[in-house]
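What the coordinates show
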Amino acid sequence: MRKRRLRRQRDTQDDGFTLVELLVSLALLSMIAALLSSALWSGRKILESTERAQSRPSIDAVRHLLNDLLTGARLVAVSAGGEAKLTSFRGSASGASFVTLVEKRGL
């Protein structure tokens, strides 16, 4: 008789997750999401620093070239329509122009 009562109680209970099980699963999911976002952020930072390190030699080469050219820049007399005019540097927000003596260099 007692066995029948236990069976009836089991049959009448709804199967589902308890509140504790749901809270534990949510905690685990949030920990996994935090780890993934941290890993993605770290990966992005490493990629950016690698790209910067790879572009550094070309930036240094251009800087040295401009330094050499600007060091040798001189005022040059340019005649425009018969008038002698001294020109040195012209620049704007989008670019600059200047006159310099360039030595022949091998690449």
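The preceding data block contains the structure.
Residues numbered from 1 in each chain as written. Predicted model: local features only at pLDDT ≥ 70, side-chain atom pairs only at ≥ 80, totals over all residues. Heavy atoms only, no water.

1. Here's the deal with the overall build of the protein
- Along the protein, the regular secondary structure elements total 2 helices and 4 strands.
- Along the protein, helices and strands appear, N-terminal first, in the series α-α-β-β-β-β.
- Contacts spanning at least 24 positions in sequence make up 36% of the contacts within the protein whose residues lie at least 6 apart.
- Here the protein displays about 10400 Å² of accessible surface, and carbon together with sulfur accounts for 61% of that area. (Helix = DSSP H or I, 4+ residues; strand = E, 2+ residues; numbered from the N terminus. Contact = heavy atoms within 4.5 Å. Areas by Shrake-Rupley, 256 points an atom, 1.4 Å probe, with all protein chains shown as cover.)

2. Some remarks on a nonpolar patch on the surface
- Together, Leu-19, Leu-23, Leu-26, Leu-29, Ile-32 and Leu-36 line one region of the surface with nonpolar side chains, adding up to about 640 Å² of accessible area.
- Inspection of the secondary structure assignment puts Leu-36 in helix α2 (residues 19-71).
- According to the relative accessible area criterion, Leu-36 is exposed, its value standing at 53%. (Patch = residues over 30% accessible without salt bridge, like charges linked within 9 Å, V, L, I, M, F, W, Y side chains within 5 Å. Salt bridge = Lys/Arg side-chain N within 4 Å of Asp/Glu carboxyl O. Buried < 20%, exposed > 50% of the residue type's maximum accessible area, 1.4 Å probe, protein only.)

3. A look at α2
- Here α2 is 53 residues long and its end C-alpha atoms lie 75 Å apart, about the 78 Å a rise of 1.5 Å per residue gives.
- Taken as a whole, α2 carries its principal kink of about 35° at Arg-56; the proline Pro-57 stands between one and four residues after it. (Expected span 1.5 Å × (residues − 1). Bend = angle between axes of the 7 residues up to and from the residue.)

4. Regarding the pattern of salt bridges
- Scanning all chains against the criterion turns up 2 salt bridges.
- As a salt-bridge pair, Arg-44 and Glu-48 come within 3.6 Å of each other at their nearest N and O atoms. One end of the pair is Arg-44 and the other is Glu-48, both in helix α2 and 4 residues apart, which spans about a single turn.
- When the shortest N-O distance is used, the salt bridge between Lys-45 and Glu-48 registers 4.0 Å. Here Glu-48 and Lys-45 lie together in helix α2, a separation of 3 residues that amounts to about one turn.
- A cluster of three or more residues bridged by salt bridges with shared partners is formed by Arg-44, Lys-45 and Glu-48.

Everything listed here is a matter of geometry and, on its own, says nothing about what the molecule does.
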